[in-house]
Amino acid sequence: MSKAASAAAKDLALAGVRGVHLAWADNNGIPRSRIVPIGGLADAATRGVGATTLFAVFDTHDRITYGHPGLSTPSADIRLFPVLERLRRLAGQPSLAWAPARQVSADGSPWPYCQRAVLERVVADAAGRGFELRAGFELEFAIAPAGSADIASSPGHTGPAYSPHALVGVDDFVAGLLHDFEANGLPIGQLHAEYGLAQLELSLAATDPVSAADDQLLARQTIHAAAHAHGLRASFAPLVSPQAAGNGWHVHTSVRCKGRNLLAGRDRPGPDAAAYVAGLLRDLPALTAVTAPSVVSTARLRPGYFASAFTFWGTENREAPLRYVPGTELLGDDHANVEYKPCDASANPYLALAVLFTAGLAGIEDGLEPPAPLAGDPGTWSSGERQAGGVSRLPASPGEQATALAACPRVAGVLGAELLGAFQAVRASDAEWAEGKPLHEIVGAHLWRY
Ligand code: GLU
Ligand code: MG
């Protein structure tokens, strides 16, 4: 390993790289990192780099909560190891390279709070049962000129939505993004001006889940750097203003078995695809507690914004939290997937994928059948109609999310007792911070956190 690291470090140093970010995402979806000088990469790959255990109990506002008994003292250290297979020079920050970090106990044994390890476990377990998993994120974000205090008073583009005209003013930024994504080894499907305030969207190519989560982190670093290089700043916050459409980070997932996409279907999902949808639907309230976990996430999940607010699914229904995307004659069976909408930048991407696949695969293994798909928006129905239709509101507050997670051992259990405890303590700390604050203040405090 250190031989490979030495060789990689030598090449990077010759190319002018001075240091490497060892990056991970915390329980708020906030990327954290340690930079090691390029000369220290081989040592970091062999012995790791020290970091406090307390990153697992940082809340969204960089406050350390000591509310989780497992991590209630400042006296402990872990080691961060670079994942060398994912080491990249950063096109937008050419003096730096980047690698996702594994979080390992000080003695080298697995550390139960490592979010990446949780997803690795879920993927390995699924592989043991013959399932091959694929995932890809769509990232929405808003831009403003560098130095802006917010997006609403100085939007980085003013639309029209989806129009090529909208992006003319930030043409060099768009070109920089396209260049840097390619150079950083991040294939994207498409990029466009979205309909939210000063919003853009790009979709990352689907890949294996751990790489998809790594890619999501690298994509964020790439976007921030390109924005900075072109006089802009980017916000990935779930809401950038109380009224505007939010930034969703929708997740597309699919499952293969024996070379066949189990989510295949044309107008409607086949039996396995339907069972996968039913599994996600069964655990949806608890899933959102992990995939849209910030206080501002719950405000984003409103009806009428394509963000999802109620428990239902539909084929190609953009208002549904679960949008079944069928295969077509043109695109074939491999195109079929389920788009999951109640996810955003405040989710740890490794944990989000871990819980989504666990719930979906449980649906397949339990042979579940989903209720009928909906083509409309139950947000326009009366509460009586929703009740009659078996449609309920997704958790709309931190308290409701905490209750939903605690009530679902299948989802909560994915994290393991220790990480679950830290995650819950962090959520409680965030909720305590937000108590009594108006939404605009909450939105403002989250705007530049991700
Ligand atoms: N911005 C919406 C959200 O909050 C999604 C819009 C879309 O469907 O692309 O998720
Ligand atoms: Mg979108």
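Residues numbered from 1 in each chain as written. Chains lettered and ligands numbered in written order. Predicted model: local features only at pLDDT ≥ 70, side-chain atom pairs only at ≥ 80, totals over all residues. Heavy atoms only, no water.

Describing the coordination of the magnesium ion (ligand 2)
Where we set the bar: The rule for donors is simple: an N, O or S atom within 2.8 Å of the metal counts, and for Na, K and Ca the reach is 3.2 Å. Water is not among the atoms, so a site may look short of donors. A helix here means a DSSP run of H or I that spans at least four residues, while a strand means a run of E at least two residues long, and both kinds are numbered starting from the N terminus. For every residue, the accessible area (1.4 Å probe, protein chains only) is compared with the maximum for its type, and the residue is labelled buried under 20%, exposed over 50%, or partly exposed between those bounds.
Protein ligation of the magnesium ion (ligand 2) involves E140 (OE), E194 (OE) and E201 (OE), the donor distances falling in the range 1.9 to 2.2 Å. Look at where the donors of the magnesium ion (ligand 2) fall in the sequence and you get E-x53-E-x6-E. Residue E140 is found in strand β7 (residues 131-145), and its partner E194 is found in the loop between β8 (188-193) and β9 (199-204); the two are separated by 54 residues along the sequence. According to the relative accessible area criterion, E140 is buried, its value standing at 9%. The exposure class assigned to E194 is buried, which follows from its relative accessible area of 8%.

Brief notes about empty space enclosed by the protein
Test applied: Definitions used for this entry: grid spacing 1 Å over protein atoms alone; cavity, a set of points where a 1.4 Å probe fits but cannot get out; pocket, an open set with protein on both sides within 12 Å along at least 5 of 7 lines; lining residue, one with an atom within 4 Å of a point. Grid points are joined across faces, edges and corners, and a volume is the space filled by probe spheres set on the points. Residues are grouped as follows: Ala, Val, Leu, Ile, Met, Phe, Trp, Tyr, Cys and Pro are nonpolar; Asp, Glu, Lys and Arg are charged; all remaining types, including Gly, are polar.
Counted under the stated rule, the structure contains one cavity of 30 Å³ or more. Within this model, the largest cavity holds a volume of roughly 40 Å³. W24, A25, A101, Q103, C114, Q115, R116 and Y350 together form the lining of the largest cavity. Counting residues per element, the ones that place at least two in the lining of the largest cavity are β1 (19-25), β6 (96-105) and α3 (115-128). Here the lining of the largest cavity is built from residues that sort into five nonpolar, two polar and one charged.

Re the environment of I30
For the record, the criterion: The contact criterion used throughout is that any non-hydrogen atoms of two residues lie within 4.5 Å.
Tracing the chain through its elements places I30 in the loop between β1 and β2 (31-37). As for I30 and G367, which are separated by 337 residues in sequence, their C-alpha atoms are 36 Å apart. Dropping the residues within four chain positions of it, I30 is found in contact with W24, A25, T60, R449 and Y450.

Quick look at the side chain of N261
Quick note on the threshold: As used in this structure description, the phrase polar contact means that two N or O atoms lie within 3.5 Å; if the pair is within protein, one of them must be able to donate a hydrogen and the other to accept it, and residues adjacent in sequence are counted only when both atoms belong to side chains.
Relative to the helices and strands, N261 resides in strand β12 (residues 260-261). At 2.9 Å, the side chain of N261 forms a polar contact with the backbone oxygen of D333.

Here we look at the site of ligand 1
What counts is decided by this rule: Working definition: residue near molecule or strand if any one of its non-hydrogen atoms lies within 4 Å of it. Note that accessible areas follow from Shrake-Rupley with a 1.4 Å probe, and for residues the cover is restricted to the protein chains shown.
Around ligand 1, the neighbouring residues are E140, E194, Y195, E201, G246, G248, H250, R300, Y305, F306, A307 and K341. One of the backbone nitrogen or oxygen atoms of G246 is found 2.9 Å away from a nitrogen atom of ligand 1. Here K341 contributes a side-chain N or O atom positioned 2.8 Å from an oxygen atom of ligand 1. With the chains in place, 94% of the 300 Å² that ligand 1 exposes on its own is no longer accessible. Residue classes in the shell around ligand 1 are distributed as four nonpolar, three polar and five charged.

So, the UniProt feature "domain: GS catalytic" (unreviewed entry) in the protein
Under the convention used in this document: UniProt positions are given in the numbering used here, feature names are shortened, and annotations may be inferred rather than shown by experiment.
Taking the UniProt record as the reference, the feature "domain: GS catalytic" (unreviewed entry) is found at residues 115-450. Between the end C-alpha atoms of residues 115-450 the distance is 17 Å, and the span holds 41% helix and 15% strand.

Focus on the side chain of E140
Short version of the rule: None of His or the chain ends enter the tally, which takes Lys and Arg as positive and Asp and Glu as negative. Basic side-chain nitrogens of Lys or Arg form a salt bridge, by our definition, when they fall within 4 Å of a carboxyl oxygen of Asp or Glu.
Of the buried charged residues, E140 lacks a salt bridge, with R300 as the closest side chain of opposite charge at 5.8 Å. Only 3.4 Å separates the side chain of E140 from the side chain of Q199, close enough to count as a polar contact. For E140, the contacting residues outside a window of four places in its chain are E194, Q199, L200, E201, F236, G246, N247, G248 and W249.

Some points on the packing of aromatic side chains
Quick reminder of the rule: Think of it this way: a Phe, Tyr or Trp ring, Trp meaning its six-membered ring, pairs with another when their centres are within 6.5 Å, and the plane angle makes it stacked under 30 degrees, edge-to-face over 60, tilted otherwise. Any Lys NZ or Arg CZ that is within 6 Å of a ring centre and within 35 degrees of that ring's normal is treated as a charge sitting over the ring.
By the definition in use, this model includes six aromatic pairs. Judged by centre distance (5.1 Å) and plane angle (40°), the rings of F55 and F58 are tilted. Its relative accessible area of 14% is what places F55 among the buried residues. Residue class for F58 comes out buried when judged on its relative accessible area of 13%. Feature note: the residues W24, F55 and F58 constitute an aromatic cluster, connected by ring pairs. A cation sits over an aromatic face here: R302 above Y305, 3.7 Å from the ring centre. The ring of W433 has K437 sitting right over it, with the charged end atom 4.3 Å from the ring centre.

A word on the nonpolar core
Note the cut-off: Each nonpolar core is a collection of buried residues, namely Ala, Val, Leu, Ile, Met, Phe, Trp, Tyr and Cys, held together in the definition by side-chain atoms within 4.5 Å.
F131, F141, F173, I223 and L353 are the most contacted members of the largest nonpolar core, which has 130 residues in total. Non-local contacts of F141, meaning those with residues more than four positions away in its chain, are made with F173, L177, A198, Q199, L200, L202, I223, A234, S235, F236 and N247. Counting residues in each nonpolar core, the second largest holds eight residues, with L239, A299, W433 and V443 among its members.

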